[in-house]
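In case you want the letters, here they are:
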Amino acid sequence: MPAHAGHSLLLPGVDLARDPYRYDLTELEGLDVLSEPSECLLESQAGVAQQFGVGYSYFLVNGASVGLIAALLAAIKPGEKVLLPRNVHRSVLSGLILSGAQPVWFLPERLPEWGLWGAVSLENLTTQLHRHPDVRAVCITSPTYEGIGSDVQELSALCRAQGITLIVDEAHGSLWPFTEQLPASACGFECDAVIHSMHKSGGSLTQSALAHLPKGSRIAPDVFQQALNALQTTSPSYLLMASLEASVAFLSSAQGQSRIQGLMEKNHALRRHLAETLQTFRLFQPAEDWLGFWDPCKLYFRHSSLPGEEWGAYIESERQIAYESASPEGVLYLANLGLEAEDFEAFRQVLQEEDKWLAAAGATDSMAQAGLELPNPSVLVPEMALLPREAFFCNGERVSLTQALGRVAKETIVHCPPGIPVLFPGERIQEAHLAFLPEEGVLVIR
Ligand SMILES: Cc1ncc(COP(=O)(O)O)c(C=O)c1O
């Protein structure tokens, strides 16, 4: 990330890069006001909404994060319950603190042999809604960082039938609405808000993102606007907004479509080649029945004997191929729109050379010997002592790990990218958490 990889991905004639200062305007006469759009910004956002097939779209100048927080503020009131899988992005915590909502956590599917979170299944959501009939909203991450999507069509139909608001964090699926070669976007289903981090895979400038209220959304557009206005700057960057408008126009154009087609072809060829030849690395591909919900442009590898953080960092520093995220389990690379054929070729070559070298050196399947154990998902089921908002406003103190057991966390502890929490503020520290806490200690409620 960002998806443009340093190249302008805009239509010919639109050149934000040549003279960025020309586009760095403010809310002057004739340039409209983002918090109360009535002229060119209203028109531009309406054009974006039309491209996504939704009722309303909103420009975000503080990433998908601000869209998620606004969606939570618009959907729930203090004390109301929101159902959340544990693999939400940390910005959801800000939404919980600001709204004062009560989180009800559950675990999505898990793929232990890969160390990945999977989808939220219909069965799982049905069970959770039976258990917690007073839930007012659900917020899910689909797709995950590694590209695993849920069957949002089914999930949204269930929520709609029960009168529950559904927010879909589609931050990593910003290209999905633009091609049938990727899974269907939540924008076309019975969801109430969908958030896209356009800079991650859509080619716009970093920090720019979109929020959408699909047709039939239970969230009123003025309520969502009000929530956004409570969070966004009163000086939104026209450079970011222009980059959003221009990247949506590009992705929908013949040139953009051909660029997406090129990306899909290069990526499929790379995947095929690597899957056939690699001996010590394994390239993630989901089971057959989940293929239609998965984004193949996310290239996630596990090595048979080496921790991901180790080999990912080595390849980055020694071979100049940057990873997107690395954990003890594996390393994620992104096949993004801005990459050229030579980038794919360089990646293939480096991975194959390293693989050959490791195979010759006798790398074996010794994850257990290397002392690596996949995190036990039950570790991540919290015992909540306080609401996140209550914990946020309490006084805190830092304690060493030996003193942490039984105390209530005041800070968020995130084990590894992509920011999935081990502990959120207000959660009690249990024995099983200790191995995941930072050595320097942890901030707890005093
Ligand atoms: C699943 C998910 N949702 C939301 C976000 C926030 O996106 P942004 O960085 O555009 O605010 C991220 C960022 O990494 C993410 O991984």
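All values reported here derive from a predicted model rather than from experimental measurement.

Calculation notes
- Residues numbered from 1 in each chain as written.
- Predicted model: local features only at pLDDT ≥ 70, side-chain atom pairs only at ≥ 80, totals over all residues.
- Domains from an automatic or database assignment.
- Contact = placed C-beta atoms within 7 Å.
- Nonpolar A, V, L, I, M, F, W, Y, C, P; charged D, E, K, R; others polar.
- Axes fitted to C-alpha atoms, helices over the stretch in contact; angles between N-to-C directions.
- Helix = DSSP H or I, 4+ residues; strand = E, 2+ residues; numbered from the N terminus.
- Parallel < 35°, antiparallel > 145°, perpendicular 65-115°, else oblique.
- Left-handed = near helix turned anticlockwise from the far one by under 90°.
- Near = placed C-beta within 6 Å.
- Pairing = 2+ DSSP bridges.
- Buried ≥ 20, exposed ≤ 12 C-beta atoms within 10 Å, placed from the backbone.
- Right-handed = clockwise from strand over helix to strand, strands pointing away.

Participant: Tell me about the domain arrangement of the protein, and name the residues and values.
Facilitator: What the domain assignment lists for the protein is domain 1 (20-252), domain 2 (256-360) and domain 3 (377-445). Distance between the C-alpha centres of domain 1 and domain 2: 28 Å. Counting from both sides, the interface comprises 23 residues of domain 1 and, opposite them, 22 residues of domain 2. Tallied by class, residues from the side of domain 1 that touches domain 2 come to 11 nonpolar, 10 polar and two charged.

Participant: For the packing of helix H5 (residues 122-131) against helix H6 (residues 152-161), give the residues involved together with the corresponding values.
Facilitator: Here H5 crosses H6 at 20°, and the two axes come no closer than 10 Å. The angle between H5 and H6 places the two elements in the roughly parallel class. Our pair here, H5 against H6, has a crossing hand that is right-handed. Between H5 and H6, the residues in contact are Leu122, Leu125 and Thr126 and Glu154, Leu155 and Leu158, respectively. Of the residues contributing to the contact of H5 with H6, the split by class is four nonpolar, one polar and one charged.

Participant: Can you explain the site of the ligand? Please cite residues and give values.
Facilitator: For the ligand, the set of nearby residues contains 13 residues, the closest of which are Gly63, Ala64, Ser65, His89 and Ala171. By residue number, the principal contributor to the shell around the ligand is helix H3 (residues 63-75), which donates three residues. Within the shell around the ligand, the residues separate by chemical class into five nonpolar, seven polar and one charged.

Participant: Lay out the sheet that holds strand E13 (residues 331-334) with the relevant residues and their values.
Facilitator: Across the sheet, which stays open at both edges, the four strands sit in the order E10-E11-E13-E12 with antiparallel pairing between neighbours. Each of the sheet's edge strands pairs with one partner strand only, and the pair in question is strand E10 (281-283) and strand E12 (325-326). Summarising the sheet, E10 and strand E11 (residues 298-303) pair through three bridges and their orientation is antiparallel. Paired with leucine 283 across the strands is phenylalanine 301, a residue of E11.

Participant: Before we move on, could you go through the packing of helix H10 (residues 254-277) against helix H12 (residues 341-360) and cite the residues and values that matter?
Facilitator: One way to put it is that H10 packs onto H12 with a least axis distance of 11 Å and a crossing angle of 10°. With respect to H12, the axis of H10 lies roughly parallel. Residues Lys266, Leu270, His273, Leu274 and Thr277 of H10 form the contact with H12, whose own contacting residues are Ala341, Phe344, Arg348, Leu351 and Gln352. Among the residues making up the contact of H10 with H12, the classes are represented as five nonpolar, three polar and two charged.

Participant: Explain the pairing of strand E2 (residues 81-85) residue by residue, including any values.
Facilitator: Within E2, four of the five residues are buried, which leaves it mostly tucked inside the rest of the structure. When E2 meets strand E3 (residues 102-106), the two strands line up parallel, connected through five bridges. Bridged to leucine 83 within E3 is valine 104. Taken together, E2, helix H4 (residues 91-99) and E3 form a β-α-β motif whose crossover is right-handed. Bridge count between E2 and strand E6 (residues 135-141): three bridges; the pairing is parallel. When the bridges of E6 are listed, leucine 83 appears paired with valine 138.

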